[in-house]
Amino acid sequence: MERDQDSCGTQLIDGNGVFNVEGLDNFSKITKLSQCGLSYAIVAIMGPQSSGKSTLLNHLFQTNFREMDAIRGRSQTTKGIWMAKCVGIEPFTIAMDLEGTDGRERGEDDTAFEKQSALFALAVADIVLINMWCHDIGREQAANKPLLKTVFQAMMRLFSPRKTTLLFVIRDKTRTPLEYLEPILREDIQKIWATVTKPEAHKSTPLSEFFNVEVTALSSYEEKEEQFEREVAELRQRFFHSISPGGLAGDRQGVVPASGFSFSAQQIWKIIKENKDLDLPAHKVMVATVRCEEIANEKLRYLSSDQGWLALEEAVQAGPVSGFGKKLSSILEFYLSEYENEAIYFDEGVRNAKQQQLESRALDVVHHAYVTMLGHLRSKALESFKTRLEQSLHKGEGFAASVRACAQSCMVEFDKGCEDASIRQANWDASKVREKLHRDIEAHAASVRSTMLTEMIAKYEKQLTDMLSGPVEALFEAGENDAWTSIRKLLKRETEVAVSEFSTAVASFELDKPTIDTMVQNLREYGRNVVEKKAREEAGKVLIRMKDRFTTIFNHDNDSMPRVWTGKEDIRAITKDARSASLKILSTLAAIRLDEKSDDIENVLFSSLSDGTVSVPSSKDRSIGASSDSLASSTWKEVSPKATLLTPVQCKSLWRQFKAETEYSVTQAISAQEAHKRSNNWLPPPWAIVAMVVLGFNEFMVLLRNPLYLLVLFVVYLLSKALWVQMDITGEFRNGALPGILSISSRLLPTVMNLLRRLAEEAQGRPTPEAPMQQSFSFQNNRNQTQLNPTSSTIPESSVSSSCMSSTDSEYSSPNLMHRRSTKISEEEFS
Ligand SMILES: Nc1nc2c(ncn2[C@@H]2O[C@H](COP(=O)(O)OP(=O)(O)OP(=O)(O)O)[C@@H](O)[C@H]2O)c(=O)[nH]1
């Protein structure tokens, strides 16, 4: 039983020729046959039925094949083909017990299975024991002759010699020594070999090329058991290291690796059963193909479920993995070497081809992880570039130099990462990812450069705006003769400063010259535009500027002191000066003069307007002089439309509006002068005073003698004084006696009533409501409304009539003076 367990006896093919696939796989698994590589041997035994084959194998290899019970007589015990592991023999040796030949059980003519099993034994076994009775040697009708013929013919169908060892075991040897028997046997063998029909290629091939022929003789097991045992033990020794050079199967050929034995045996038997020719070399390639494929698939399956690989795959999804290439390489290496170890004994061509396939498929399995890894390396390098560039720029390094240095270090870092991620088994190309990184870096650098340049340009533009806007406005406000000369100088100076600073700053970007030139040109144009814009703004406010200038000059003396109209001032000359200064402002703001080109605007304006031909039409003279025709145009001579701020027509209209709105000031000044003169002459003439003293002497004395009269007189005085103050009698008479009397008469009754009501309310002790204040009409200086839109080619005539007074005009806005607004000043007073 123990022996049976060790040898694992299994029926390989049953009596009906059915191959026991499961049994063979089980046998291979238990005996670990598949791990033997080429280091295994197969010994088969064939011979007549009941010739003691099973007995011999069992004694020789400690197997447990079924033996016939001697007492029951010679009948067939072994059906089909059995196999068992030879116990204690090195290397691994399989013993195959074949069904006996010429058996009565299958009938005389049924030799098909005999031939099939003989062919199978020759195809798979390295050593074939031919069991024969000693007494059959030399006999013409011996049972072994058809057997040998069958063997030799089968060998011809294998296509190639395997150098199988045929060990003739002579059973029940007689006293005739082996030395005499062996030549006879060999002669018999040669004779049979000669009679076998051979293919053309092997017609003259000697037997020795196909077979190693060995002969041994054993004593009868039944009669001389001890001697049999001894001789069997000696024979057993010959099976140790049988496949080594010099061993029984030392020069065997076409061995199928042990892991392919099961499949090979199945296929061989299948071909034999189909009665096809058995091409062993082709079969070997076929077995190699199938087995290598199987091994490769198995390794690929193991790789896909490898814990190390799965962990690495998961880790790389989350981020870059240090030593990625090394780890992956060793995992791949492990499975590829496993394949190599298992497939090493198969056909080299097939093995290598399958190995390449396995490598390629294994690389396909892991490639996505590599791509992910490269993606991480790329984004990491890009982020690193961004950070380093920011730091470098923060330190004040030049832009182009920073980009170069950071890009270089990041590319080096990426290359190192790629090197670390690369695997030994593949020469994967990271150049596309590298190029992408390069492009990303360049795109980022371009974006930063663009932002920085935009900021820098904005900074210098702001600098220009700050340096030009205020001073230009001040120069326009000052209205000096050389305003545009000063503006040109200012623009040139500030533009040069900005351009110089900008050029220094932009140098670190290492831009090409045309680009820098364009930027500088743009900056220059920007400065110019600032001035032009300011000029247009000022042109829009020209009316206000003119009025301000007029008011300033008209209301202040040469020492900038407010003027008091005493009657000594030459209002005509002062008005002319003030209007000239205002006209000068109009001339300055009529056109942009940044190109140092001379123009005739000032002359035209002065000649057309300052002589009084354009003025508020009066009843006396509504005609427009011939010289005003020069302003009936929408363009200035020698000034481009682009540089025109105020067209001649606009200037004319503005001047008319200006004059209309400043007339009031002049009128007020004249009135003030007259009033001043009158106020200095309010006492009656001396003769009237003397007459009053002489004629009123009696009344004066009466008053002195009667204090009641004095009291009444005092009350009358108080009332009169109150009325005087309340009604501003002096003010009312400032514009003449008749208007004064009319005004006082119309207001006298309400004023008296008002005074009485207030006195009554005070007598009752109630808080006195403020007397209704005289409504204050003030002409607010609505500058915004009067701002002129310089882009407009024409000024609506209606705007001329709208009042646009400066702040200083408010002094003329008291209600009692308002009605005088209608007073027309005669043309000769101003012209
Ligand atoms: N004369 C003689 N008989 C033997 C010898 N060895 C075994 N026998 C006997 O021969 C008979 C058949 O033995 P097996 O070993 O079963 O023979 P076999 O060739 O395996 O028989 P099959 O498998 O049926 O073909 C048995 O009764 C054995 O005792 C021997 O050396 N000489």
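In this convention, every chain numbers its residues from 1, walking through the sequence in written order. Reporting in this predicted model follows two pLDDT cut-offs: at least 70 for local features of residues, and 80 or more for side-chain atom pairs to be given and counted; totals over whole chains, interfaces and linings ignore these cut-offs and use all residues. For side-chain calculations, the full set of non-hydrogen atoms in the structure is used, while hydrogens and water are omitted.

Visitor: So, unusual backbone geometry: which residues are in play, and what are the values?
Guide: The step from Glu 90 to Pro 91 runs through a cis peptide bond, and the omega angle for that step is -5 degrees. Runs of H or I in DSSP of at least four residues are treated as helices and runs of E of at least two as strands, each being numbered from the N terminus. Position of Pro 91 relative to the elements: it lies in the loop between β3 (81-85) and β4 (92-98). With phi around 55 degrees, Lys 32 is a residue other than glycine that occupies positive phi space. Along the chain, the position of Lys 32 falls in the loop between α2 (21-31) and β2 (40-46).

Visitor: Explain the pattern of salt bridges residue by residue, including any values.
Guide: In what follows, salt bridge is the name for a side-chain nitrogen of Lys or Arg lying within 4 Å of a carboxyl oxygen of Asp or Glu. Applying the stated criterion to the full structure yields 33 salt bridges. Across the pair Glu 294 and Arg 291 runs a salt bridge whose closest N-O atoms are separated by 2.4 Å. In this pair, Glu 294 and Arg 291 are both assigned in helix α10 (residues 280-304), three residues apart and thus about one turn of the helix distant. With a 1.4 Å probe rolled over the protein chains alone, any residue whose accessible area is under 20% of its type maximum counts as buried; one over 50% counts as exposed, and the rest are partly exposed. Classification of Glu 294 by relative accessible area gives partly exposed; the value is 39%. On the accessibility criterion, Arg 291 (13% relative accessible area) is buried. Where salt bridges share partners, they join Glu 473, Glu 477, Lys 534, Glu 537, Glu 538, Lys 541 and Arg 545 into one cluster.

Visitor: With reference to specific residues and values, describe the UniProt feature "binding site: GTP" (unreviewed entry) in the protein.
Guide: Residues given the UniProt feature "binding site: GTP" (unreviewed entry) here are Gly 47, Pro 48, Gln 49, Ser 50, Ser 51, Gly 52, Lys 53 and Ser 54. In what follows, residue pairs with any heavy atoms lying within 4.5 Å of each other are defined as contacts. Ignoring any residue separated from it by four or fewer positions in sequence, one finds Ser 51 in contact with Asn 131, Trp 133 and Arg 171. In protein, a polar contact means a hydrogen-donor-capable atom and an acceptor-capable atom, both N or O and within 3.5 Å, with residues adjacent in sequence counting only if both atoms are side-chain atoms; elsewhere, any N or O pair within 3.5 Å suffices. Polar side-chain contacts of Ser 51 include one of 2.7 Å to the backbone oxygen of Pro 48. Examined against the element boundaries, Gly 52 turns out to sit in the loop between β2 and α3 (53-61). Not counting the four nearest positions on each side in its chain, Gly 52 is found in contact with Asn 131 and Arg 171. UniProt positions are given in the numbering used here, feature names are shortened, and annotations may be inferred rather than shown by experiment.

Visitor: Mind laying out the sheet that holds β2, listing which residues take part and the relevant values?
Guide: Any two strands are treated as partners once DSSP identifies two or more bridges connecting them. The strand order β1-β3-β4-β2-β5-β6-β7 describes an open sheet built from seven strands, whose pairing is mixed. Since the sheet does not close on itself, it has two edges, and those belong to β1 (10-13) and β7 (211-217), each with one partner. In this sheet, neighbouring strand axes are inclined to one another by 25 degrees on average, regardless of whether the strands run parallel or antiparallel. Taken together, the five bridges between β3 and β4 define a ladder with antiparallel strand orientation. Bridging across to β4, Ala 84 finds its partner in Ala 95. Angular values range over 0 to 180 degrees, each being the angle between N-to-C directions of two axes fitted as lines to C-alpha atoms, with helices fitted over their stretch in contact.

Visitor: I'd like a description of the packing of helix α14 (residues 399-421) against helix α15 (residues 431-478), backed by residues and values.
Guide: Running from amino to carboxyl end, α14 crosses α15 at an angle of 155 degrees, the nearest separation of the two axes being 11 Å. One finds that α14 runs roughly antiparallel with respect to α15. In terms of crossing hand, the pair formed by α14 and α15 is right-handed. On α15, the residues touching Phe 399, Val 403, Ala 407, Cys 410, Met 411, Phe 414 and Asp 415 of α14 are Val 433, Arg 434, Leu 437, His 438, Ile 441, Ala 445, Val 448, Arg 449 and Met 452. Oblique is the label for any angle not covered by the other classes, which are roughly parallel (under 35 degrees), roughly antiparallel (over 145) and roughly perpendicular (65 to 115). Take the far helix as the reference: if the near one is turned anticlockwise from it by less than a right angle, the crossing is left-handed, and if turned clockwise, right-handed.

Visitor: How would you sum up empty space enclosed by the protein? Please name residues and give values.
Guide: For each structure, a 1 Å grid was placed over the protein atoms alone; sets of points admitting a 1.4 Å probe that cannot get out are labelled cavities, open sets with protein on both sides within 12 Å along at least five of seven lines are labelled pockets, and lining residues have an atom within 4 Å of a point. Grid points are joined across faces, edges and corners, and a volume is the space filled by probe spheres set on the points. Overall, the coordinates contain three cavities of 30 Å³ or more when judged by the stated rule. By volume, the largest cavity is sized at about 40 Å³. Grouping the constituent residues of the lining of the largest cavity by class yields seven nonpolar, no polar and one charged. Each residue is assigned to one of three groups, with Ala, Val, Leu, Ile, Met, Phe, Trp, Tyr, Cys and Pro labelled nonpolar, Asp, Glu, Lys and Arg labelled charged, and all others, Gly among them, labelled polar.

Visitor: Mind laying out the environment of Glu 397, listing which residues take part and the relevant values?
Guide: Looking at the secondary structure, you find Glu 397 in the loop between α13 (348-394) and α14. Judged by its relative accessible area of 46%, Glu 397 is partly exposed. As a C-alpha pair, Glu 397 and Ser 508 span 111 residues in sequence and 8.4 Å in three-dimensional space. Apart from residues no more than four positions distant in its own chain, Glu 397 is found in contact with Ser 392 and Ser 402.

Visitor: Let's hear about the nonpolar core: which residues, and what values?
Guide: If you look at the biggest cluster of nonpolar residues, it comprises 176 residues, and the most contacted ones within it are Met 96, Phe 120, Phe 152, Phe 211, Phe 261 and Leu 586. Looking at which element gives the most residues to this core, the answer is α13, with 15 residues. When near neighbours in sequence (up to four residues on either side) are disregarded, Phe 120 contacts Leu 12, Ile 13, Phe 19, Ile 81, Met 96, Ala 265, Ile 268, Trp 269 and Ile 272. The next biggest cluster of nonpolar side chains, apart from the first, holds 22 residues, and it includes Ile 45, Ala 95, Ile 127 and Leu 167. In plain words, nonpolar cores are sets of buried Ala, Val, Leu, Ile, Met, Phe, Trp, Tyr and Cys residues tied together by side-chain atoms within 4.5 Å.

Visitor: Account for the pairing of strand β5 (residues 127-133), with residues named and values stated.
Guide: β5 sits mainly inside the fold: seven of its seven residues count as buried. Because side chains alternate across β5, one face comprises the buried residues Ile 127, Leu 129, Asn 131 and Trp 133, and the other comprises Val 128, Ile 130 and Met 132, equally buried. Of the strand pairs in this sheet, β2 and β5 are connected by four bridges, and their pairing is parallel. Its bridge partner lying in β5, Met 46 is registered against Ile 130. Where β5 meets strand β6 (residues 164-171), seven bridges bridge the pair, whose relative direction is parallel. When the sheet's bridge partners are listed, Ile 130 is paired in β6 with Phe 168.

Visitor: I'd like a rundown of the environment of Ser 634, residues and numbers included.
Guide: Tracing the backbone shows Ser 634 in the loop between α20 (601-609) and α21 (648-679). On a C-alpha basis, the gap between Ser 634 and Thr 647 in space is 5.0 Å, while along the polypeptide they are 13 residues apart. Ignoring anything within four residues of it in the chain, the contact list for Ser 634 reads Thr 647, Pro 648 and Val 649.

Visitor: How would you sum up the pairing of β3? Please name residues and give values.
Guide: Across three bridges, β1 lies against β3 in antiparallel orientation. Bridge assignment links Gln 11 to a residue of β3, and that residue is Trp 82. The turn linking β3 back onto β4 is made up of six residues, and Gly 88 within it adopts a positive phi angle of 80 degrees.

Visitor: Which residues make up the side chain of Asp 306, and what are the values?
Guide: Along the chain, Asp 306 falls in the loop between α10 and α11 (307-318). For the purpose of charge, His is not counted, nor are the chain termini; Lys and Arg are scored as positive and Asp and Glu as negative. Look at Asp 306: it is buried, it has no salt bridge, and the nearest opposite charge is Lys 299 at 11 Å. When neighbours within four sequence positions are excluded, Asp 306 is seen to be in contact with Ile 331 and Tyr 335.

Visitor: Which residues make up the packing of aromatic side chains, and what are the values?
Guide: Centre distance within 6.5 Å is the pairing criterion for rings of Phe, Tyr and Trp, where only the six-membered ring of Trp is used; planes under 30 degrees apart are then read as stacked, over 60 as edge-to-face, and the remainder as tilted. Counting across every chain of the model gives 18 aromatic pairs. Between the aromatic rings of Phe 120 and Trp 269, the centroid separation amounts to 5.7 Å while the plane-to-plane angle is 85 degrees, which identifies the pairing as edge-to-face. Of this pair, Phe 120 sits in helix α4 (residues 112-124) while Trp 269 is found in helix α9 (residues 258-273), placing the two residues 149 residues apart along the sequence. With a relative accessible area of 0%, Phe 120 lands in the buried category. Between the aromatic rings of Phe 476 and Trp 484, the centroid separation amounts to 5.3 Å while the plane-to-plane angle is 75 degrees, which identifies the pairing as edge-to-face. Trp 484 carries the same exposure label as Phe 476, and that label is buried. Through successive ring pairs, a cluster of aromatic residues spans Phe 550, Phe 554, Trp 565, Trp 655 and Phe 658. Comment: the charge-over-ring label is applied if NZ (Lys) or CZ (Arg) is within 6 Å of the ring centre and within 35 degrees of the ring normal. Above the plane of the ring of Trp 193 lies Lys 198, whose end atom (NZ or CZ) is 4.9 Å from the centre.

Visitor: Let's hear about helix α6 (residues 178-195): which residues, and what values?
Guide: Expected helix span is given by 1.5 Å per residue-to-residue step, counting one fewer step than there are residues. With 18 residues, α6 extends 25 Å from end C-alpha to end C-alpha; this agrees with the ideal 26 Å at 1.5 Å per step. Within the span of α6, buried status applies to Leu 181, Leu 185, Asp 188, Ile 189, Ile 192 and Trp 193. For α6, the buried positions fall inside an angular range of 135 degrees around the axis, keeping them on one side. For α6, the exposed residues set more than 90 degrees away from the buried face come down to Glu 179, Tyr 180 and Ala 194. Working note: the arc is built from the helix axis to C-beta atom directions.

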